Amino acid sequence: MTSMSTGDLLNIEPVELKFSFELKKQISCSLQLSNKTDSYVAFKVKTTNPKKYCVRPNTGVVLPRSTCDVIVTMQAQKEYPPDMQCKDKFLLQSVRVTDGANPKEITPEMFNKEAGHVVEECKLRVVYVAPPQPPSPVQEGSEEGSSPRGSVTENGNGNGSDSTTVMRSFAERHESPEKSAEAKALMLRLTEEKNNAIQQNNKLRQELDLLRRESNKSRGGTSMVFVIIIGLLGIIMGYLLKKN
């Protein structure tokens, strides 16, 4: 299929309006009209779906041996079309006009074939194409000239550690909002459990220190009682010896 329509008045390029389709985003493409005559040529662009597209300019005059660009903008769409197919059509009409004509002088009557005007018509179809994909993350080599691919071991098995890391980072970047929320909730819960464990550990340490101090006090009291008993026994024995 040719990308250009060649008529007696205008060359139209391209004949397919290709839109890189993306949801909720205005998309534009351009047409170039080339006047191949020595006359002034008026044009008019019509579409089967005027609410969906904005054409600027939708009418105009192409000077002799010159060109004119037409911008077609598709309004933002809320959903993908079935099978990425589009049935919308455009019709570009052109007709010779008097020399020196300007766009303000263009009237619908100029493009009326029944009035005897010689009108050229070119049908344009709409094609949706997928938007360009972002480049996949590739780990840079550690040395110049090194291959980004994983090394191959002697038994022929590839070293999959690099590819695993790349896929993991890619998956993390493209996590859905639901998974991201679950991960955040899990992190909060783990943080709370860690803090509770630290508090319990500190409490156990305090209780252990208290038990140690109580044990030391108990040992010191026993030793004092023993000293007192020995002293009393000494006094009693001394008294008895004096008496004898």
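- The protein has the name Vesicle-associated protein 1-2-like in an unreviewed UniProt entry, where Cicer arietinum is given as its organism.
- For the protein, the Subcellular location (unreviewed entry) comment in UniProt is given as "Membrane".
- Quoted straight from UniProt, the Sequence similarities (unreviewed entry) entry for the protein says "Belongs to the VAMP-associated protein (VAP) (TC 9.B.17) family."

## Topic: the pairing of strand β2 (residues 10-13)
Moving on, step 1. Examined bridge by bridge, strand β1 (residues 5-6) and β2 share two bridges and lie antiparallel to one another. The partner of threonine 6 across the bridge, within β2, is asparagine 11.
Moving on, step 2. Hairpin geometry of β1 and β2 is characterised by an intervening segment of three residues between the two adjacent antiparallel strands.
Moving on, step 3. Two strands pair when backbone bridges link them, and β2 and strand β4 (residues 27-35) are joined in this way by four bridges, in the antiparallel orientation. Looking at β4, one finds that isoleucine 12 is bridged to leucine 33.

## Focus: the confidence of the model for the protein
Moving on, step 1. Averaged over every residue, the pLDDT of the protein is 80; residues scoring 70 or more account for 75%.
Moving on, step 2. Between residues 142-160, whose pLDDT stays under 50, and residues either more than four places distant or in other chains, the model counts ten contacts.

## Here we look at the pattern of salt bridges
Moving on, step 1. Taken as a whole, this structure holds five salt bridges when the rule is applied.
Moving on, step 2. Salt-bridge contacts for lysine 25 lead to glutamate 22; the nearest nitrogen and oxygen are separated by 3.6 Å.
Moving on, step 3. Residue classification places glutamate 22 among the partly exposed residues on the basis of a relative accessible area of 30%.
Moving on, step 4. In this structure, aspartate 38 and arginine 65 form a salt bridge, with 2.9 Å as the shortest nitrogen-oxygen distance. Of the two residues, aspartate 38 sits in the loop between β4 and β5 (40-47) while arginine 65 sits in the loop between β7 (59-62) and β8 (67-74), which places them 27 residues apart along the sequence. Judged on exposure class, the residue aspartate 38 and its partner arginine 65 are both exposed.

## A few points about the sheet that holds β7
Moving on, step 1. Overall, mixed pairing links the five strands, which are arranged β3-β10-β9-β5-β7 in an open sheet. Here the strands that pair on one side only, and so sit at the sheet edges, are β3 (16-20) and β7. When the angles between neighbouring strand axes are averaged without regard to direction, this sheet yields 25°.
Moving on, step 2. Note that β5 and β7 share four bridges and pair antiparallel. Each bridged residue has a counterpart across the sheet, and for valine 41 the counterpart in β7 is valine 62.

Conventions used here
- Residues numbered from 1 in each chain as written.
- Predicted model: local features only at pLDDT ≥ 70, side-chain atom pairs only at ≥ 80, totals over all residues.
- Heavy atoms only, no water.
- UniProt positions renumbered as here; feature names shortened; annotations may be inferred.
- Pairing = 2+ DSSP bridges.
- Helix = DSSP H or I, 4+ residues; strand = E, 2+ residues; numbered from the N terminus.
- pLDDT = per-residue confidence, 0-100.
- Contact = heavy atoms within 4.5 Å.
- Salt bridge = Lys/Arg side-chain N within 4 Å of Asp/Glu carboxyl O.
- Buried < 20%, exposed > 50% of the residue type's maximum accessible area, 1.4 Å probe, protein only.
- Axes fitted to C-alpha atoms, helices over the stretch in contact; angles between N-to-C directions.

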